[in-house]
Amino acid sequence: MATNATMFDTDMARRKKEKKKRPYFGVPKGIILSARPDGWRFSVLTVEGGMLCGHLGVPMNTHPQDARAAAAALVTGLALDFHATDVEVTWDPPQEPWSWTARVALAIGDGPASPDAGD
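This report concerns the structure included in the present document. (Residues numbered from 1 in each chain as written. Predicted model: local features only at pLDDT ≥ 70, side-chain atom pairs only at ≥ 80, totals over all residues. Heavy atoms only, no water.)

Here we look at the overall build of the chain
Okay, step 1: When its secondary structure is counted, the chain shows 1 helix and 5 strands.
Okay, step 2: For the chain, the sequential pattern of α-helices and β-strands runs β-β-β-α-β-β.
Okay, step 3: Split by element, the accessible area of the chain, about 9,400 Å² in all, is 55% carbon and sulfur. (Helix = DSSP H or I, 4+ residues; strand = E, 2+ residues; numbered from the N terminus. Areas by Shrake-Rupley, 256 points an atom, 1.4 Å probe, with all protein chains shown as cover.)

Shown next as structure tokens:
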């Protein structure tokens, strides 16, 4: 008994699904944060010479200290996600109004801190 082949038969070649690769993000070495009329903007400088820029996603009326904390949390999360490493962010004194820079360095330590460390 003959059957008609359809394109859904298992014998037909299937296209291999390609996994989308996450874009590479270099090791962060600095942050530039500035207040603009459209909101807080950031640039993350990397050791490899790259740069990631974008909108911080906090309201324009956010206090600068809170905006710096949000930018530091963003960079800390990226370093952890992409490089499985902890970083420390140190903000420099502002050189211009509504603009800040920070240095990013690998955190020094023997590994993740335990909850009862320092007791």
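Notes on helix α1 (residues 64-83)
Okay, step 1: An ideal rise of 1.5 Å per residue puts 28 Å on 20 residues; α1 measures up with 28 Å between its terminal C-alpha atoms.
Okay, step 2: Within the sequence span of α1, burial applies to Pro 64, Ala 67, Arg 68, Ala 71, Ala 72, Val 75, Leu 78 and Ala 79. Seen along its axis, α1 keeps its buried residues to an arc of 135 degrees; they face one direction. Exposed positions of α1 whose direction lies more than 90 degrees from the buried face are Gln 65 and Asp 81.
Okay, step 3: Its buried side turned inward, α1 meets β1 (28-36), β2 (39-46), β3 (51-55), β4 (87-91) and β5 (99-106). (Expected span 1.5 Å × (residues − 1). Buried < 20%, exposed > 50% of the residue type's maximum accessible area, 1.4 Å probe, protein only. Arc of directions from axis to C-beta. Contact = heavy atoms within 4.5 Å.)

Things to note about the side chain of Ser 43
Okay, step 1: Within the secondary structure layout, Ser 43 lies in strand β2.
Okay, step 2: Not counting residues up to four positions away in its chain, the partners in contact with Ser 43 are Gly 30, Ile 31, Ile 32, Met 51, Leu 52 and Cys 53.

A closer look at the nonpolar core
Okay, step 1: Counting residues in each nonpolar core, the largest one holds 18 residues, and the members touching the most others are Ile 31, Leu 33, Trp 40 and Leu 56.
Okay, step 2: Of all the elements in the fold, those that place two or more residues in this core are β1, β2, α1 and β5.
Okay, step 3: Counting residues per element, this core draws most heavily on α1, at 5 residues. (Core = buried A, V, L, I, M, F, W, Y, C linked by side-chain atoms within 4.5 Å.)

A short note on the sheet that holds β5
Okay, step 1: Taken in spatial order, the 5 strands make up an open sheet running β3-β2-β1-β5-β4, and their pairing is antiparallel. In the strand order of this sheet, the two ends are held by β3 and β4, each with one partner. The mean angle between the axes of side-by-side strands here comes to 20 degrees, regardless of whether they run parallel or antiparallel. (Pairing = 2+ DSSP bridges. Axes fitted to C-alpha atoms, helices over the stretch in contact; angles between N-to-C directions.)

Some remarks on the side chain of Thr 46
Okay, step 1: Mapped onto the secondary structure, Thr 46 falls in strand β2.
Okay, step 2: Ignoring anything within four residues of it in the chain, the contact list for Thr 46 reads Phe 25, Gly 26, Val 27, Pro 28 and Lys 29.

Let's talk about the packing of aromatic side chains
Okay, step 1: This structure, assessed with the given rule, holds 3 aromatic pairs.
Okay, step 2: Plain terms: the ring middles of Trp 40 and Trp 98 are 6.1 Å apart, the flat faces sit at 50 degrees to each other, and that makes the pair tilted. Here Trp 40, found in strand β2, pairs with Trp 98, found in the loop between β4 and β5; they are 58 residues apart in sequence, far enough to count as distant.
Okay, step 3: Trp 98 sits in the partly exposed class, given a relative accessible area of 47%.
Okay, step 4: Pairing Trp 40 with Trp 100 gives two aromatic rings, centres 5.7 Å apart and planes at 40 degrees, and the pair type is tilted. Of this pair, Trp 40 sits in strand β2 while Trp 100 sits in strand β5, and the two are 60 residues apart along the sequence. We note that Trp 40, like Trp 100, is buried.
Okay, step 5: Here the aromatic residues Trp 40, Trp 98 and Trp 100 are joined through ring pairs into a cluster of three or more. (Phe/Tyr/Trp six-rings, centres within 6.5 Å; stacked < 30°, edge-to-face > 60°.)

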